[in-house]
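Spelled out, the chains give:
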Amino acid sequence: MPCSTEKNTGSPGWGPLARYVIAATLARTSDGGAVVAIVLMVNTSGGSGRLAGALGACITAPHLLGPFVARRLDTARDGRTVIAAASLAHGTALAAAVLLYPHTHPAVSAALLIVSGLFGPLLTGGISSRLPAIAGCGQQRQRRAQGWDVATYGVGGTVGPTLVAALSAWASPATAALVLAAGCFVAAAVIRLLPPTPPPGAGAGAGEDVPRPARTLITIVTSGPLRRTLYLTVTVAFSVAALPVTAVSRRNAAAAGVLTAAYGLGNLAGSAGVMIRPSRAEADRLTTRLAAAVAATLLLITLTSSFALAVAAYAAAGIANAYFFAATLAARNEYAPDNARGQIFVWVGALKITAGSAGTAVAGALIGTSIALPLLLVTVLAFTSALLSLAERRHSRRRRDHDPRAALPAPAALPTGSESRQPKPPTS
């Protein structure tokens, strides 16, 4: 929701942001570790690898359906209720699937995991859509808070699997999954302690003004900045997903762990950099530049033969991707219309997760041919998407210069959290 410096120039304080970070970290730790817990549970109980993979897919594949349940975020009187309920449902379904697995047919656990996975996007993009109203007015405050948000994704994606592995060795994978479910319950309670952030015009009859999921996707595709944000996010997610696969294939397990840890630490360092010194650049331009930076680090990894340089290159890729992710969060916030902000966050997040899964699968399929082949493929893909974004924006600028009507601001396109109510860039 837009800010006006004439009415609200103060900061909301660290309390709400701290509660947001706690809730987001807990929810995303559960989301990030659930697949590992399910796979380990099936393997340790004597199940086949095919069954483990199928049940793991049951909790990840439904993320693509997230946009079709996200509309409630933009119509609810209080978005906290929707996200807290999603966190409770995610944790309850996960716990039930784990507890029933030894006593029922695997199809029962599969159905419960699908339900759990269906709420996953509300714990990722859905929670992020609440951050702009919590962060306060002003571009710097917004982007600094987005650095914290990137950190919660990094911690969740790293701590979740690590916690599951540790608890599985100490107790059992089922215990690890139940701990993740408990984290969801705590996250739901903390989410209810966040400041209320009802969407603009929420209430009786407001749903008529909120677009349906398909129309929201059309809005993304027809808006130049949002369209570029979407395909850059998808291609970069597909590209960096190859890094864990290539890390495991290059060296022994210990060396692979070092490379993966270097990437994770680089990601956290990058998010800290965003917090300390957020960029003032236009979000549309920034995403293009940072996508090119990610592609450059992928090229460096491809060309590096020394292990020490490979560690540095993986760390650089983590830093670049953290800055890129923060820029995409800024773009989603600043270019999304108010009545579809929640859906746009979830649409982009769901497609990003899907692209990451596809990138891992493709890298795994190609790695047997050549270790360098998947890295070359994703490097070319990332560079191509960055160049396409640059060319598209330049074409749009030239068209505006020749057609004054194209320079009109997009309807319903006021940036949230900007220091003044400036019109957004055209949707072309």
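Residues numbered from 1 in each chain as written. Predicted model: local features only at pLDDT ≥ 70, side-chain atom pairs only at ≥ 80, totals over all residues. Heavy atoms only, no water.

Caption draft 1: Summary view of the overall build of the protein chain. For the protein chain, the count of helices and strands is 18 helices and zero strands. The proportion of buried residues among the 428 residues of the protein chain is 51%. Counting only contacts in the protein chain whose residues sit at least 6 apart along the sequence, the fraction spanning at least 24 positions is 83%. Element-wise, carbon and sulfur atoms account for 68% of the exposed surface of the protein chain, whose accessible area totals about 17700 Å². (Helix = DSSP H or I, 4+ residues; strand = E, 2+ residues; numbered from the N terminus. Buried < 20%, exposed > 50% of the residue type's maximum accessible area, 1.4 Å probe, protein only. Contact = heavy atoms within 4.5 Å. Areas by Shrake-Rupley, 256 points an atom, 1.4 Å probe, with all protein chains shown as cover.)

Caption draft 2: Highlighting a nonpolar patch on the surface. Taken together, the side chains of Val159, Leu163 and Val179 make up a nonpolar region of the molecular surface, amounting to roughly 190 Å² of accessible area. Structurally, leucine 163 is set in helix α9 (residues 139–170). Taking relative accessible area as the criterion, leucine 163 reaches 31% and is therefore assigned partly exposed. (Patch = residues over 30% accessible without salt bridge, like charges linked within 9 Å, V, L, I, M, F, W, Y side chains within 5 Å. Salt bridge = Lys/Arg side-chain N within 4 Å of Asp/Glu carboxyl O.)

Caption draft 3: Seen up close, the packing of aromatic side chains. Per the counting criterion, the structure on display carries two aromatic pairs. Aromatic pair phenylalanine 68 and tryptophan 347: ring centres 5.7 Å apart, planes at 65°, arrangement edge-to-face. Of this pair, phenylalanine 68 sits in the loop between α2 (49–60) and α3 (71–75) while tryptophan 347 sits in helix α17 (residues 341–366), and the two are 279 residues apart along the sequence. Measuring from ring centre to ring centre gives 4.8 Å for tyrosine 153 and phenylalanine 325, while their planes differ by 70°; the resulting arrangement is edge-to-face. Of the two residues, tyrosine 153 is situated in helix α9 and phenylalanine 325 in helix α16 (residues 307–335); the sequence distance between them amounts to 172 residues. A cation over a ring is seen here: arginine 28 above tyrosine 153, with NZ or CZ 3.8 Å from the ring centre. For lysine 352, the ring lying beneath its charged end belongs to tyrosine 153, and the centroid distance is 5.9 Å. (Phe/Tyr/Trp six-rings, centres within 6.5 Å; stacked < 30°, edge-to-face > 60°. Lys NZ or Arg CZ within 6 Å of the ring centre and 35° of its normal.)

Caption draft 4: Structural view of the nonpolar core. Core analysis: the biggest nonpolar cluster contains 35 residues, and Leu243, Val294, Ile301, Tyr314 and Phe324 have the highest contact counts within it. Every element with two or more residues in this core is listed here: α12 (224–240), α13 (242–250), α14 (253–276), α15 (283–303), α16, α17 and α18 (372–402). (Core = buried A, V, L, I, M, F, W, Y, C linked by side-chain atoms within 4.5 Å.)

Caption draft 5: Summary view of the confidence of the model for the protein chain. Chain-level statistics for the protein chain give a pLDDT mean of 83 and a share of 87% at 70 or above. Below a pLDDT of 50 lies the segment residues 4–11, which in the model reaches six contacts outside its immediate sequence neighbourhood of four places, other chains included. Long-range and interchain partners of residues 407–428, a stretch whose pLDDT sits below 50, account for 60 contacts in this model, where long-range means more than four residues apart. (pLDDT = per-residue confidence, 0-100.)

Caption draft 6: Spotlight on the pattern of salt bridges. Per the counting criterion, the structure on display carries nine salt bridges. Residues aspartate 149 and arginine 28 are paired through a salt bridge, measuring 2.7 Å at the closest nitrogen-oxygen approach. Residue aspartate 149 is found in helix α9, and its partner arginine 28 is found in helix α1 (residues 14–44); the two are separated by 121 residues along the sequence. A single burial state applies to aspartate 149 and to arginine 28, both of which are buried. Across the salt bridge formed by arginine 192 and aspartate 78, the nearest N and O atoms sit 3.7 Å from each other. Here arginine 192, found in the loop between α10 (173–191) and α11 (213–222), pairs with aspartate 78, found in the loop between α3 and α4 (79–100); they are 114 residues apart in sequence, far enough to count as distant. You can call arginine 192 partly exposed: its relative accessible area is 36%.

Caption draft 7: Highlighting the packing of α9 against α10. Close contact between α9 and α10 brings their axes to 7 Å; oriented N to C, the two are set at 135°. As judged from the angle between their axes, α9 and α10 are oblique. Considering how the two elements wind past one another, α9 and α10 form a crossing that is right-handed. Of the residues in α10, those in contact with Leu163, Val164, Leu167 and Ser168 of α9 are Pro173, Ala176, Val179 and Leu180. The class makeup of the residues in the contact of α9 with α10 is seven nonpolar, one polar and no charged. (Axes fitted to C-alpha atoms, helices over the stretch in contact; angles between N-to-C directions. Parallel < 35°, antiparallel > 145°, perpendicular 65-115°, else oblique. Left-handed = near helix turned anticlockwise from the far one by under 90°. Nonpolar A, V, L, I, M, F, W, Y, C, P; charged D, E, K, R; others polar.)

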